[in-house]
Amino acid sequence: MSDTWIILGASSAMGRAFARLVAAKGHNVILAARDVADTEHSARDCAARGAPMAKAIAVDMRDAASFQPIYDLAAAQSGTIHAAVFVGSMPEQAEIDADPALGDGTIQDSFTGPVHFLHGLAPLMEQRGSGTVIGIGSVAGDRGRVGNYTYGAAKAGFHTYLSGLRNRLTRAGGHVVTVKPGFVDTAMTWGLPGMFLVASPEAVAKDLWVAAEKNKNTIYTPFFWRYIMLIIRSIPEFLFKKMSI
Amino acid sequence: MRWNEMEYTGWGRVLKAKAQVARPEKPAALKDVFTETPAPAIGALRSYGDTALNDAGKVVNMTRLDRFIGFDAKSGVLEAEGGVTITDILSTFAPQGWMPAVMPGTGFATLGGCIANDVHGKNHHGAGTFGEHVLSIDLLMADGETRTLTPKDNKNLFRATVGGVGQTGVIVSAKIQMKPCSSRLIQVDERRANGLAEFMEMLKASTATYCVGWIDATAKGDSLGRGILEEAELTSSQMDPKLRKSRRVPMDAPGFALSPPVVRQFNKLYFNRIPAEGRGVLRSLEDFFFPLDKIHDWNRLYGKRGFHQFQCVLPDATAEETLLDMLRRISRAGLASPLAVLKRTGTGQAGHLTFPMQGFTLALDFANAPGAAELVQELNRLTASAGGRVYFAKDSLATATEVAGMYPDLADWQTVVNEADPARAFETDLTRRLNLRGAK
């Protein structure tokens, strides 16, 4: 029997790659993204690759009313419901510094929106007694840096939420994977200076699948970011506060 | 849209370009790029020379527009974005009973690239070129409008786009007719050909759906033009193919890796691997159609200097005499690599600038060693005087005068293209080098 994967933020490069991977494994996909017209293309792509059911639904992390149709469609499918959450936005920190209201948007897209969404979905998963949530956090959430600390703070909040949700769903037979990607080759990072060891979205998608299969709690992808972040986290604050990395 | 300044090369790695590269992930983002500035499209960068190069200019990388957007399992009609690769199409749809009707020698090529170069495969004598199986093209043009071209509507623009090396605009998506695929395994019969005349007779006499010859370009004397003929038919086997693991060439190989004694020895072993009476083997579709794709970055075997690929097609009337002349010069120069292919071509062509014509096609790699460029130039001259053609997807050394004599529909193509793109926004290093677009 096919499982159903909700892909939140399906038009992101990582979301797209992961949706294709689960479609090719024969699972249903519900592709939720802001740009529904474009996501229709992805839905047809997933159907051609083997998803028995592939549907595009418009969603806006800043409008909780847009979540209900996704819950309804998921509830209408039999079998296990999973969710992979790729949403988030990262304006330049300088832009947020100039207009603090921009930061609210980032926090909604990357933190409060997905938290609200997952909180609405959790009862259904508990009721089914199974299912995995893959939450995309960020290495930026491991330590606040001058370059993107609003986004980093939102992701740090999301990490903590995912940890709590894991605690909750585990007792109902579900699971939560927290994912902290390093640099991934997406439209968001294309042409940015200072990128190194950039991973392809397809490689990340594979890592996510393996992590979900193995019930991993927190993964870095590619794996070596665990060690990079270990070093960055262990820099004493009196030094770190003067650094710009 | 952010532009990424990058240095990149064609597959042969001899010619280089530094360009501003945009990489949209949605058709809408591609349109946004065009409101800023129209620019030529690039795909998987599997053409060898400079078709995809636009030094000091801008290009649009299409590889992220790679979705299947419509598939009819009854008719085998597939609509896909321009950046999907042939391997992706084959591996997704072969298990569902369909495969591309024409496939080039590498599965990494994109749909848009296959159309823009009107590529051919091992079945050209029967199935024609890739473009003959294209039902429609959605083309984003210099004016920012997307038009749907079919062989019937916008016929001229369709013919100028197929094989038109990107000069009419960007292929956003296209509809192709696939052909039924009864199995994921293919029966390959391999036989030795002991010399050129015998080889050409065998190629002419072959009735196989897929037919290709490997040629030993180091052989001399009586063995000149010897090789192995591969004839293949799809099977009815329902077994899953055993896919070999891919490997990557980790670094540029040193110069001696493909030096003349190594190549001669390799070719001898490769030839003698097939018993004198021939043999039949079952292969996976991937292994048969894309023999080199299992070795990622195999172009690095030629080292840092890169390599030239020469490919010509020669009409029946002059083919044998010219091939003999070419092979003599090649074996005398001792510069050839083991990668050399002789194939029969048919009449099929879908665009003004389609490469194949009825006759024979020869393709060879030469490491970019001293004397290699001169040899290829000589081969280009022989091709021109024999009434043949060189292939834009491979070429980096032909001249404008030679090419003008090779492509009889060039003037018609220029008229259509220069009207479609009057500001010449889609010119590339190739079109400038060969003056393909003509005088301004």
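Residue indices follow the written sequence of each chain, beginning from 1 at its first position. Written order determines the labels here, with chains lettered from A and ligands numbered from 1. Under the rules for a predicted model, residues below a pLDDT of 70 receive no local features and side-chain atom pairs below 80 are neither given nor counted, while totals for whole chains, interfaces and linings still include all residues. As a rule here, side-chain values come from all non-hydrogen atoms in the structure, and water together with hydrogens is ignored.

Draft legend 1. Inspection of the overall build of chain A at higher detail. The secondary structure content of chain A amounts to nine helices and seven strands. The size measure is the radius of gyration over C-alpha atoms, and the globule rule it meets is 2.2 Å times the number of residues to the 0.38 power. Expected size for 245 residues packed as a compact globule is a radius of gyration near 18 Å; at 17 Å, chain A falls within 12% of this value. Projecting the C-alpha coordinates of chain A onto the three principal axes gives extents of approximately 55 × 35 × 30 Å. A burial count over chain A gives 54% of its 245 residues as buried. Each helix corresponds to a stretch of at least 4 residues labelled H or I by DSSP, and each strand to a stretch of at least 2 residues labelled E; elements are numbered beginning at the N terminus. Exposure is judged per residue with a 1.4 Å probe applied to protein chains only, and the accessible area is read against the type maximum: over 50% gives exposed, under 20% gives buried, and values in between give partly exposed.

Draft legend 2. Fine view of the domain arrangement of chain B. Residues and elements named next belong to chain B. Where a domain begins and ends is set by an automatic assignment or by a domain database. Parsing chain B into structural domains produces domain 1 (4–61), domain 2 (68–181) and domain 3 (185–404). In this assembly, eleven residues from domain 1 lie in contact with 14 residues from domain 2. Each partner contributes to the roughly 1,000 Å² buried at the junction of domain 1 and domain 2, and carbon and sulfur atoms together form 73% of this total. Among the residues domain 1 hides against domain 2, the three largest losses belong to Lys31, Phe34 and Arg46. Together they make up 43% of the total. Pairs of N or O atoms are called polar contacts if they sit within 3.5 Å, as long as, within protein, a hydrogen donor faces a hydrogen acceptor (for residues adjacent in sequence, only side-chain-to-side-chain pairs). Our enumeration of links across domain 1 and domain 2 arrives at zero residue pairs in polar contact (both at pLDDT 80 or more). For the side of domain 1 that touches domain 2, the element with the most residues is helix 1 (residues 27–36), which contributes four residues. Grouping the amino acids of the side of domain 1 that touches domain 2 by side-chain chemistry returns seven nonpolar, two polar and two charged. Contacts are assigned to residue pairs that have any heavy atoms within 4.5 Å of one another. The term buried area means the drop in 1.4 Å probe accessible area that two parts suffer when joined, counted for both and summed. Side-chain classes are defined by residue name, with Ala, Val, Leu, Ile, Met, Phe, Trp, Tyr, Cys and Pro counting as nonpolar, Asp, Glu, Lys and Arg as charged, and the others, Gly among them, as polar.

Draft legend 3. Spotlight on the sheet that holds strand 2 (residues 16–22) of chain B. Residues and elements named next belong to chain B. Within the open sheet, the four strands sit side by side as 1-2-4-3. Their pairing is mixed. Of all the strands in the sheet, just strand 1 (4–9) and strand 3 (41–42) have a single pairing partner and so form its edges. Any two strands are treated as partners once DSSP identifies two or more bridges connecting them. Direction of pairing for strand 2 relative to strand 4 (residues 58–61): parallel, over a ladder of three bridges. Directly across from Val21, in strand 4, lies its bridge partner Val59.

Draft legend 4. Summary view of the side chain of B:His120. Residue and element names in this part refer to chain B. Note that His120 resides in the loop between helix 3 (111–116) and helix 4 (124–127). For His120, a relative accessible area of 7% corresponds to the buried category. Not counting residues within four places of it along the chain, the set of residues in contact with His120 comprises Val102, Met103, Pro104, Thr129, Gln311, Lys343, Phe355, Pro356 and Tyr391.

Draft legend 5. Spotlight on the packing of helix 6 (residues 196–205) of chain B against helix 9 (residues 316–333) of chain B. Residue and element names in this part refer to chain B. Axis lines are fitted to C-alpha atoms, over the contacting stretch for helices. Their N-to-C directions set the angle, which ranges from 0 to 180 degrees. As a packed pair, helix 6 and helix 9 sit with axes 11 Å apart at the nearest point and diverge in direction by 140°. Note on packing geometry: the crossing formed by helix 6 with helix 9 is right-handed. Contact residues: helix 6 offers Leu196, Ala197, Met200 and Lys204, while helix 9 offers Asp316, Ala319, Glu320, Leu323, Leu324 and Leu327. Here the residues of the contact of helix 6 with helix 9 are counted per class, giving seven nonpolar, no polar and three charged. By definition, any crossing whose near helix is turned counterclockwise from its far helix by less than a right angle is left-handed, and any crossing with a clockwise turn is right-handed.

Draft legend 6. Region of the structure containing the sheet that holds strand 7 (residues 218–221) of chain A. All names here are of chain A. The seven strands are arranged 3-2-1-4-5-6-7 in an open sheet whose pairing can be described as parallel. Edge strands, defined here as strands with exactly one partner in the open sheet, are strand 3 (54–58) and strand 7. Pairs of neighbouring strands in the sheet enclose a mean axial angle of 20°, with direction left out of account. Alignment of strand 4 (residues 81–85) against strand 5 (residues 132–136), held across three bridges, turns out to be parallel. Residue Ala84 lies in a different strand from strand 5, and its bridge partner there is Ile134. Running over the sheet, helix 1 (residues 13–24) touches strand 1 (4–8), strand 2 (28–33), strand 4, strand 5 and strand 6 (175–181) and is turned about 170° from strand 1. Along the sheet face, helix 2 (residues 36–48) touches strand 2 and strand 3 and points at about 165° away from the line of strand 3.

Draft legend 7. Main features of the interface of chain A and chain B. Chain A puts 21 residues into the contact, and the matching count from chain B is 20 residues. When residues of chain A are sorted by the area they lose upon contact with chain B, A:Arg16, A:Ala48 and A:Trp190 head the list and together hold 36% of the total. Every case where a carboxyl oxygen of Asp or Glu lies within 4 Å of a side-chain nitrogen of Lys or Arg is listed as a salt bridge. Our count for the chain A to chain B interface comes out at six salt bridges. Note that B:Asp66 is salt-bridged to A:Arg20, the shortest N-O span being 3.1 Å. The tally of links from chain A across to chain B stands at 17 residue pairs in polar contact (both at pLDDT 80 or more). Contributing elements (two or more residues each) for the side of chain A that touches chain B: helix 1 and helix 2 of chain A. Along the lines of polarity and charge, the residues of the side of chain A that touches chain B split into seven nonpolar, six polar and eight charged.

Draft legend 8. Region of the structure containing the confidence of the model for chain B. Here chain B shows a mean pLDDT of 95. Residues at 70 or above account for 100%. Reported confidences for the modelled complex are a pTM of 0.95 and an ipTM of 0.93. Across the chain, each position has a pLDDT score giving the predictor's confidence in that residue, from 0 to 100.

Draft legend 9. Local environment of the nonpolar core. Residues and elements named next belong to chain B. Counting residues in hydrophobic clusters, the biggest one holds 101 residues, and the most contacted among them are Phe130, Ile137 and Phe366. The biggest single contributor to this core is helix 10 (residues 372–385), with six residues. Split by domain, this core shows at least three residues from each of two domains, domain 2 (68–181) and domain 3 (185–404). Residue contacts for Phe130: discarding those within four places in its chain leaves Ile86, Val102, Leu111, Cys114, Ile115, Asp118, Val119 and Ile176. Among buried residues, the Ala, Val, Leu, Ile, Met, Phe, Trp, Tyr and Cys ones that are joined through side-chain atoms within 4.5 Å form a nonpolar core.

Draft legend 10. Up close: unusual backbone geometry. Here the residue pair A:Thr221 and A:Pro222 is connected by a cis peptide bond, since its omega of -10° sits within 30 degrees of zero. Mapped onto the secondary structure, A:Pro222 falls in the loop between strand 7 and helix 8 (225–234). Of note, A:Leu197 is a non-glycine position whose phi angle comes to about 45°, a positive value. Within the secondary structure layout, A:Leu197 lies in the loop between strand 6 and helix 7 (201–213). With a phi angle near 60°, B:Leu45 is a residue other than glycine that sits in the positive phi range. Among the structural elements, B:Leu45 can be located in the loop between strand 3 and strand 4. Classification of B:Leu45 as partly exposed rests on a relative accessible area of 23%.

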